[in-house]
Amino acid sequence: MQDSECLFCKIINCEIPSEKVYEDATTYAFKDINPKAKVHVLVVPRDHYANVGELAKGNPALLAHMVEVAQLIANREYDGAYRLIFNTGQEAGQTVFHVHGHVLTGEPLDE
């Protein structure tokens, strides 16, 4: 299921260009257009879930797979170390309401 008005659904469907880093049958990952680290990749499920809580309740295996993809990206782009951030809700900084994990790596990260 997808949302025809969702920015990330449009990116997944190649209606909006992105710099793809990884894709498989359930997950798509692309470079953030406003990076906060040397490597800043967004990992998103192909199916539309508004936030990580909704995904955890509806498809916990897919959430686990997103973490596996984050690790794969960190292994490939750095030494396996990474920070994975999910913003949930507008007050927490979520600006696109399609669950996405921010993979930050490529250099030592400050606290």
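Treat the numbers as computed from the prediction; the structure is a model and nothing was measured.

## Points about the side chain of threonine 27
And step 1. Relative to the helices and strands, threonine 27 resides in strand β2 (residues 27–31).
And step 2. The exposure class of threonine 27 is buried, given its relative accessible area of 0%.
And step 3. For threonine 27, the side chain forms a polar contact with the side chain of threonine 26, separated by 3.1 Å.
And step 4. Among all residues touching threonine 27, those that are not within four sequence positions of it are Tyr22, Val43, Val44, Pro45, Arg46, Leu62, His65, Met66 and Val69.

## Observations concerning the pattern of salt bridges
And step 1. Considering all chains together, one arrives at four salt bridges under this definition.
And step 2. Arginine 46 is the partner of glutamate 23 in a salt bridge, and the nearest nitrogen-oxygen pair spans 2.6 Å. Of the two residues, glutamate 23 sits in strand β1 (residues 20–23) while arginine 46 sits in the loop between β3 (39–45) and α2 (52–58), which places them 23 residues apart along the sequence.
And step 3. Given a relative accessible area of 18%, arginine 46 falls into the buried group.
And step 4. Taken together, the shared-partner salt bridges in this structure form one network comprising Lys20, Glu23 and Arg46.

## Some details on the UniProt feature "domain: HIT" (unreviewed entry) in the protein chain
And step 1. According to UniProt, the feature "domain: HIT" (unreviewed entry) maps to residues 7–111 in the numbering used here.
And step 2. Annotation note: span residues 7–111, helix share 30%, strand share 23%, distance between end C-alpha atoms 30 Å.

## Re the pairing of β1
And step 1. Alignment of β1 against β2, held across three bridges, turns out to be antiparallel. Its bridge partner lying in β2, lysine 20 is registered against phenylalanine 30.
And step 2. Where β1 hands over to β2, the hairpin turn is made up of three residues, counted between the paired strands.

Parameters at a glance
- For every chain, the first residue of the written sequence is number 1, and numbering continues from 1 onward in sequence order.
- Where local features are concerned, this predicted model is filtered to residues with pLDDT of at least 70; where side-chain atom pairs are given and counted, the filter is 80 or more; whole-chain, interface and lining totals use all residues.
- The basis for every side-chain value is the complete set of non-hydrogen atoms in the structure, without hydrogens or water.
- A run of H or I in DSSP counts as a helix once it spans at least four residues, and a run of E counts as a strand once it spans at least two, with each numbered from the N terminus.
- Buried means the residue's accessible area, taken with a 1.4 Å probe over protein chains only, is under 20% of the maximum for its type, while exposed means over 50%, and partly exposed covers the values in between.
- Side-chain atoms alone can form a polar contact between residues adjacent in sequence; in general such a contact is a pair of N or O atoms within 3.5 Å, and within protein one must be able to donate a hydrogen while the other accepts it.
- Should any heavy atoms of two residues lie within 4.5 Å, those residues are considered in contact.
- A carboxyl oxygen of Asp or Glu within 4 Å of a side-chain nitrogen of Lys or Arg is what we treat as a salt bridge.
- UniProt positions are given in the numbering used here, feature names are shortened, and annotations may be inferred rather than shown by experiment.
- Here, any two strands with at least 2 DSSP bridges between them count as paired.

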